[in-house]
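A look at the structure
Okay, here's what each chain looks like letter by letter:
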Amino acid sequence: PDTVEVTSLVTVEPPSSTTTSPPPGPSTTPSPCGGGTPSPASTVEGSFLLSYDLVDWNATAEELEKLKATGTAAIQNSLALLIGHSVMGQDIHVNYTPVEAAFLQTKESNLSIAVKVVFTFPCPQDITPELLSQAVAQITEAELTTAMDDVFITAGIDANVLNLKVSIITSTWFYGTPTTTTTTTTSTTTTLPFTIEDVHPCASFEDFMPQAKMSEYGWCEYDASTANVSELACLDAGCQSYDAGDGPPYCYCDTEVKCAALGLTWMYHTCEREMSAYMHGEYPALIESARNQGTCSGLETSWHQNIEQVLEWPARMCCRSWPKKLCDVNAELATPCKDPADFMPDNILDQGFSTTCKEALMNWWEEYTLLENASKTGCDGLQTSWGEKLVDFVVYPAQHCCRSKVATLCEPDLKPMTPCKDESDFQPEKLLHEWCEVSSNATDCGAGCQDNGGHCHCGTATSCEAAGGKWITNTCGAEFLDSRDRVLIKALNEAANGTSCNDLDVHGASLTDSISWSAQTCCSSWPGSICNKDAKRMTPCKSSSDFNPDKVMWAYCDFYSNGATMPNASTCQAQNGCRGDEHWCDCSDQSSCEAVGGTWQSHTCQKEIDQWSPEQHEVLQAAEADGTCSGHLLHGHTKLEDLTQWPAQTCCSSYPQTLCFPNVEEMTPCTHKADFLATKTVHSWCDLYPAPSEAVCVAQNCTYHNEWYCECNSEASCVGAGGRFQSTNCTSETSWWSPEVHKALKEAMDKGTCADIQAGWGSLEQTIQYPGGMCCNSGKTMCEDFAAR
């Protein structure tokens, strides 16, 4: 519609402030209109919300004119058909008031027009106005929508494109006849005997905000008779111009900027506009009754519309102190939090729409009612219409809107928990997970990323971003303090209250197993955790001071990790310290490795024990407490002596003394320690691959065997041929002996014989045969010396 028609009612007398019935006439029961008993003229009034869409309809000017001409007729004829009782379409008077589309539809909709339709018609003879009002109230939204669609289709307008929607049908009746004036939407005035102060929805009129917006959606106020906007100016501003026939064109602007460019005013549906619609019919009397009673309980229209539900939305938008309102002046805000003081109204709940927590509550309808009910009676048995339990629904908003994050209205006693033995032990900023989110249809993963069957796997933030992905990090704090995993949080709370972690199930695993990996990163005193507060980090050494955490146990040059590249044969072989061919490259130190594009990977003693499971630490702690490893097995079968030997060889400064052999004495294969030749070379070789040509091999005084083998017996000839000279001595060879070998040697020394003495997997005599006598100045091992006596 181009204009809005406003109906002024001429009433017989104002409605009483204490009744919800129409004002009394000659009879307390409504008489048939035009019946035998004289009665005032009666008018039936109804309203509904109508929305329709012009966005996807590329209508011609002729089609728009047809829509304008057909629209009111469609409403009149559809209502007459559905009401019946001899009501004629031409007797139904239709008025339009713009309203905001956001209230009617979800935010995914893309509506152009939303109006409130108010219609009136005189009561026909021999029909009571009450019966007609009921007939209107019984019309369903679907029936009216279908009937209007049929009229449009008959007129040649595609109703499907219009996306016509009807909602919230109301009806009433009154004594009197309507008189009509035509004006623009900015000058809506009535002769009703009520004011905004009479019908506002707030606890007090001072609390009412007349200029508050019912929504952020607005429209450009345009009066074709006064705007004086030409069709060209309208189009130049980016607006749409519609031919109005003999009159000036109609200009439609969909944004405030376009509207202002034409010197027009952008309008919003304010609270004052909204409440003006409640100044007629039954509403004023009902609202006054609610104000006098101090409650809306039991008050409803003659068509059974609850007045509290009617006023709830305007109360949310228009009352400063909502949820305090006319219907409940003492209402307290219902939140998803454990108590009102825990709520943070200005926090952002929805980042996409910048919605605050308070705004979210105001926008919730069904959800807020559930929160109100739960605040009074608890959450048991409450769920949303889509089947989600309230106890689950409140988890997400509580995380963003409640100071305690974990505790909610439904579970007020839950506390944020960590996997650590106490709060001070938790490291919230420690990085727990990191990964790359990259489109599955990426065509080129780029350098530093690997194509895993159409999916890019990137190991660094730089390579991820270069591939068009987003590098995601997750800290210990985010994993636990912001966790939405209620099963885990509840299990941690129960563990804190004394329940054994082994008896708590977390998604099919014990709590002990569930937190094992994360506790290792997040807890500074790991393996101490909420599941084992007395656990301590063990080493393979006889004491923690004996442990060398930075000692490298093993290292290698990695050409397959993220960011590394395999060099070609010439590049690899040209680098000092590297060797290889077209398929592999091996470098002996970090600098040479990195020089050819590899990544140097080193495994330190600290990394080694960090990889031990809580069970390994636990069994070693028990052995330490007992003073012996005897009888202690890992997983029921692995001896602790075997578990600790290999890391102890490199990581314990007093090796062969270890946790399991704290008092063993270091021995040599010789009868007398002074007889031991510590630096004597036991074995040497030339690491030469690929083999050089025969000419190069011979030139370096080496023996050429074939294209794969060039034998060089001195360090100078080996290096000259391009190889690496390797050697071991008596100390390095005996350093691999287990503590049991040293213990067996001490036993043999004390007994003066090696007979019947075992050392590890065999007899002592066999075990020390290599390197044997070559490392003793006498040329004999202890066992050989004792046997010769």
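What comes next is a walk through the structure.

Conventions used here
- Residues numbered from 1 in each chain as written.
- Predicted model: local features only at pLDDT ≥ 70, side-chain atom pairs only at ≥ 80, totals over all residues.
- Heavy atoms only, no water.
- Disulfide = S-S within 2.5 Å.
- Helix = DSSP H or I, 4+ residues; strand = E, 2+ residues; numbered from the N terminus.
- Buried < 20%, exposed > 50% of the residue type's maximum accessible area, 1.4 Å probe, protein only.
- Patch = residues over 30% accessible without salt bridge, like charges linked within 9 Å, V, L, I, M, F, W, Y side chains within 5 Å.
- Areas by Shrake-Rupley, 256 points an atom, 1.4 Å probe, with all protein chains shown as cover.
- Salt bridge = Lys/Arg side-chain N within 4 Å of Asp/Glu carboxyl O.
- Lys, Arg positive; Asp, Glu negative; His and termini not counted.
- Charge placed at Lys NZ, Arg CZ, Asp CG, Glu CD.
- Axes fitted to C-alpha atoms, helices over the stretch in contact; angles between N-to-C directions.
- Parallel < 35°, antiparallel > 145°, perpendicular 65-115°, else oblique.
- Contact = heavy atoms within 4.5 Å.
- Nonpolar A, V, L, I, M, F, W, Y, C, P; charged D, E, K, R; others polar.
- Expected span 1.5 Å × (residues − 1).
- Phe/Tyr/Trp six-rings, centres within 6.5 Å; stacked < 30°, edge-to-face > 60°.

Here's the deal with the state of the cysteines
- Summed over all chains, the structure comprises 25 disulfides.
- Here cysteine 337 connects covalently by a disulfide to cysteine 402, the sulfurs 2.0 Å from one another. Taking the torsion about the sulfur-sulfur bond, which here is approximately -90°, the covalent link between cysteine 337 and cysteine 402 counts as left-handed. A residue pair is termed long-range when its members are at least 10 positions apart, and cysteine 337 in the loop between helix 12 (307–318) and strand 10 (348–350) and cysteine 402 in the loop between helix 16 (395–401) and strand 12 (431–437) qualify at 65 residues.
- Residue cysteine 337 is classed as buried on the basis of its relative accessible area, which comes to 1%.
- What makes cysteine 402 buried here is its relative accessible area of 0%.
- In this model, cysteine 605 is linked to cysteine 651 through a disulfide, with the two sulfur atoms separated by 2.0 Å. In this structure the cystine formed by cysteine 605 and cysteine 651 twists about its S-S bond by roughly -90°; its chirality is therefore left-handed. Note that cysteine 605 is positioned in helix 23 (residues 605–610) and cysteine 651 in helix 25 (residues 640–651), a separation of 46 residues in sequence. The pair cysteine 605 / cysteine 651 is uniform in exposure class, with both members buried.

So, a negative patch on the surface
- Taken together, the side chains of Glu197, Asp198, Glu206 and Glu288 make up a negatively charged region of the molecular surface.
- By the secondary structure assignment, aspartate 198 is in helix 6 (residues 196–199).

Some thoughts on the pattern of salt bridges
- With the rule as written, the count across this model stands at 18 salt bridges.
- The salt bridge partner of arginine 724 is aspartate 586, with a shortest N-O separation of 3.3 Å. One end of the pair, arginine 724, is in strand 27 (residues 724–729); the other, aspartate 586, is in strand 20 (residues 585–587), with 138 residues separating them in the sequence.
- The network of salt bridges with shared partners includes Arg579, Asp586, Asp687 and Arg724.

Section: the packing of helix 24 (residues 614–626) against helix 25
- Direction vectors running N to C along helix 24 and helix 25 enclose 105°, while the axes themselves pass 11 Å from each other. When the axis of helix 24 is compared with that of helix 25, the two are roughly perpendicular. Along the contact surface, helix 24 presents Gln616, Val619, Leu620 and Ala623, while helix 25 presents Leu640, Leu643 and Thr644.
- Among the residues forming the contact of helix 24 with helix 25, the class breakdown is five nonpolar, two polar and no charged.

Examining helix 24
- Here helix 24 contains 13 residues, and its C-alpha end-to-end distance of 18 Å stays within 8% of the 18 Å for a straight helix at 1.5 Å per residue.
- Those residues of helix 24 hidden inside the fold are in contact with helix 20 (511–522), helix 23, strand 22 (633–634) and helix 25.
- Phi for glycine 627, located one or two positions after helix 24, is positive at around 80°.

Digging into the environment of valine 596
- Positionally, valine 596 belongs in the loop between helix 22 (590–595) and strand 21 (599–604).
- Given the relative accessible area of 7%, valine 596 is considered buried.
- For valine 596 and phenylalanine 559, which are 37 residues apart along the polypeptide, the C-alpha to C-alpha distance reads 9.3 Å.

Some points on the packing of aromatic side chains
- Tallying each qualifying case throughout the model produces eleven aromatic pairs.
- Where phenylalanine 426 meets phenylalanine 480, the ring centres are 6.4 Å apart and the plane angle is 90°; that geometry is what we call edge-to-face. Highlighted residues: phenylalanine 426 in the loop between helix 16 and strand 12 and phenylalanine 480 in helix 18 (residues 476–480), separated in sequence by 54 residues.
- Residue classification places phenylalanine 480 among the buried residues on the basis of a relative accessible area of 3%.
- Here the aromatic rings of tryptophan 554 and tyrosine 556 are separated by 6.3 Å at their centres, their planes lie at 25°, and the arrangement is stacked.
- The structure contains a cluster of three or more aromatic residues connected by ring pairs, namely Tyr278, Tyr283 and Trp303.

Observations regarding unusual backbone geometry
- Cis geometry marks the peptide bond from tyrosine 689 to proline 690, where omega comes out at -5°.
- Following the sequence through the fold, proline 690 ends up in the loop between strand 24 (681–687) and helix 26 (694–699).
- Proline 771 follows tyrosine 770 through a cis peptide bond whose omega is 5°.
- Residues other than glycine seldom take positive phi values, yet histidine 507 does so here, at roughly 55°.
- Judged by relative accessible area, which is 57%, histidine 507 ranks as exposed.

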